[in-house]
Amino acid sequence: MTLNVRAALASVSVALILAILKGHAAWISGSVAMLGSLADTVLDIVASLATLYGVRLAARPADRKHRFGHGKAEAIAAVFQVVLISMSAFGLIIRAIEQWFDGAETGAAHEGIAVSALSLILTGGLLLYQRRIIAQTGSIAIRTDNVHYQSDLLLNGAVIVALVLDGFLGLRGADPLFGIAIALWLAWGAWRASGDAIDQLMDKEWPEEKRQAFLRAASRHPELDGIHELRTRTSGDRDFVQFHIWVDPAMTIGEAHRAMDELEARLMAEFPDTEILIHPEPTGQFDPTTEMTA
């Protein structure tokens, strides 16, 4: 079982526990903030299951129909999560507005606060575990899941404040207002989380700092005269690089091949989990129809 799969299973387990607890608290309290927290947790289950499927699929090796592997399954799972989060935020805003105009009151504040406090503890532990996995794998699906659970920390804290203000201090309207604030925060989290997933699906280039580090590493081979046509992308937890390199026109095919193998070995040691494709050309050759700057 890979680290990404373990992290996804942990997310599903935590979400199931929290859904049961919050369902009970929402039923007895009638709090729209707690209802919003429950709705978010139910969607967490669906999103975490999608993440689990995505990371399991992304971990499969390349096959005849998917020569570049299945890494983009993680980005697709992340986009699915973003859609669910956005739907949750919209539904919560509608429910909060309804409660505001109905003037409904909350009850059983003690139970709601206790459940939210326990949710804070469980969610905090999950976030720490996910961040450790992200640091080791760079998984975009787990990273998106982590962004979502970061919002859960604020969400559960907001529920506690809303229940205290509404249930103990008698500030009517605090609960739906916090419900709307939670919904807006969820929408903002969805917007932030969508960026990396879309970048992977669109084959966006590496960050400039990483590109320059790769160029410096690739330029250190003494038998190579220069690099051009560098193209980079990321798919799941794997990187892909291709570039053209100039070599002495007097080199034999065998000598050029040996130099390419040496360069590839050095680069893979410095940039692990990277698939590298190198095209040699005689020094100075330039094709204006395809040439791109590095």
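None of these values were measured; they are calculated from a predicted model.

Here we take up unusual backbone geometry. Keep in mind that most residues, glycine aside, have a negative phi and that most peptide bonds are trans. Notably, Asp203 is not glycine yet its phi reads approximately 55°, a positive angle. Following the sequence through the fold, Asp203 ends up in the loop between α6 (174-201) and α7 (208-218). You can call Asp203 partly exposed: its relative accessible area is 32%. Residues other than glycine seldom take positive phi values, yet Asp273 does so here, at roughly 60°. With respect to the secondary-structure elements, Asp273 resides in the loop between α8 (253-270) and β3 (274-282).

Further remarks concern the pattern of salt bridges. Any two side chains of opposite charge can pair, on the condition that their charged atoms come close. Taken as a whole and assessed by the stated rule, the structure comprises 8 salt bridges. Close ionic contact of Asp199 with Lys204 constitutes a salt bridge, the shortest N to O distance being 3.7 Å. Ionic pairing is found between Arg220 and Glu270, a salt bridge with its closest N-O pair at 3.0 Å. Separated by 50 residues along the polypeptide, Arg220 in the loop between α7 and β1 (224-235) and Glu270 in helix α8 bring together distant segments of the chain.

Topologically, Ser119 is positioned in helix α4 (residues 109-137). Look past the residues within four positions of Ser119 in its chain and what remains in contact with it is Leu18, Lys22 and Asn156.

Moving on, we come to the layout of surface pockets. Computed from the structure, the largest pocket encloses a volume of approximately 420 Å³. Among the secondary structure elements, those contributing two or more residues to the lining of the largest pocket are α4, α5 (140-168), α6 and β2 (238-247). Along the lines of polarity and charge, the residues of the lining of the largest pocket split into 5 nonpolar, 6 polar and 10 charged. Each pocket or cavity is described by its volume, and for the second largest pocket that value is around 350 Å³. Only α2 (32-58), α4 and β2 provide two or more residues apiece to the lining of the second largest pocket. Its residues assigned to classes, the lining of the second largest pocket comprises 7 nonpolar, 8 polar and 7 charged.

All right, on to the nonpolar core then. Here is a general trend for soluble globular proteins: nonpolar side chains tend to be buried in one another's company. Counting residues in each nonpolar core, the largest one holds 21 residues, and the members touching the most others are Phe214, Phe243, Ile245, Leu263 and Leu267. For this core, the secondary-structure elements that each account for two or more residues are α7, β1, β2, α8 and β3. In terms of residues, this core owes the most to one element, α8, which gives 5 residues. Leaving out residues up to four positions away in the same chain, Leu263 has contacts with Ala218, His221, Leu224, Phe243, Ile245 and Ile278. Counting 14 residues, the second largest nonpolar core, distinct from the first, contains Val82, Leu92, Val147 and Leu163.

Moving on, we come to the sheet that holds β1. An order of β1-β2-β3 is seen for the 3 strands of this open sheet, with the pairing classed as mixed. Lying at the two open borders of the sheet, with one neighbouring strand each, are β1 and β3. Looking at each pair of strands side by side, their axes are set apart by 15° on average, direction ignored. Against the sheet, α7 touches β1 and β2, its axis set at about 145° to β1. Strands β1, β2 and β3 of the sheet are contacted by α8, whose axis makes an angle of about 150° with β3.

Now for α8. With 18 residues, α8 extends 26 Å from end C-alpha to end C-alpha; this agrees with the ideal 26 Å at 1.5 Å per step. What α8 keeps buried is the set Ala256, Ala259, Met260, Leu263 and Leu267. End-on, the buried residues of α8 take up no more than an arc of 100°, which puts them together on one face. For α8, exposure combined with an orientation more than 90 degrees from the buried face picks out His257 and Ala269.

It is worth spelling out the packing of aromatic side chains at this point. In this description, a pair of aromatic rings is defined by centroid distance and the angle of the planes. Tallied over the full model, the rule gives 4 aromatic pairs. Centre to centre, the rings of Trp206 and Phe214 are 5.7 Å apart; their planes meet at 85°, and the pair counts as edge-to-face. A relative accessible area of 1% means that Phe214 is categorised as buried. Following the ring pairs from residue to residue traces out a cluster consisting of Trp206, Phe214, Phe243 and Phe271. One cation-aromatic arrangement involves Arg233 over Phe240; the distance from NZ or CZ to the ring centre is 4.4 Å.

It is worth spelling out the pairing of β1 at this point. Along any regular strand, the residues point their side chains to alternate faces of the sheet. Note: β1 against β2, 9 bridges, orientation antiparallel. Bridge pairing links Arg233 to Phe240 in β2. Two successive antiparallel strands, β1 and β2, enclose a turn made up of 2 residues, where Gly236 displays a positive phi of approximately 65°.

Cut-offs and rules
- Residues numbered from 1 in each chain as written.
- Predicted model: local features only at pLDDT ≥ 70, side-chain atom pairs only at ≥ 80, totals over all residues.
- Heavy atoms only, no water.
- Helix = DSSP H or I, 4+ residues; strand = E, 2+ residues; numbered from the N terminus.
- Buried < 20%, exposed > 50% of the residue type's maximum accessible area, 1.4 Å probe, protein only.
- Salt bridge = Lys/Arg side-chain N within 4 Å of Asp/Glu carboxyl O.
- Contact = heavy atoms within 4.5 Å.
- 1 Å grid on protein atoms, 1.4 Å probe; cavity = no way out; pocket = protein on both sides within 12 Å on 5 of 7 lines; lining within 4 Å.
- Points joined across faces, edges and corners; volume = space filled by probe spheres on them.
- Nonpolar A, V, L, I, M, F, W, Y, C, P; charged D, E, K, R; others polar.
- Core = buried A, V, L, I, M, F, W, Y, C linked by side-chain atoms within 4.5 Å.
- Pairing = 2+ DSSP bridges.
- Axes fitted to C-alpha atoms, helices over the stretch in contact; angles between N-to-C directions.
- Expected span 1.5 Å × (residues − 1).
- Arc of directions from axis to C-beta.
- Phe/Tyr/Trp six-rings, centres within 6.5 Å; stacked < 30°, edge-to-face > 60°.
- Lys NZ or Arg CZ within 6 Å of the ring centre and 35° of its normal.

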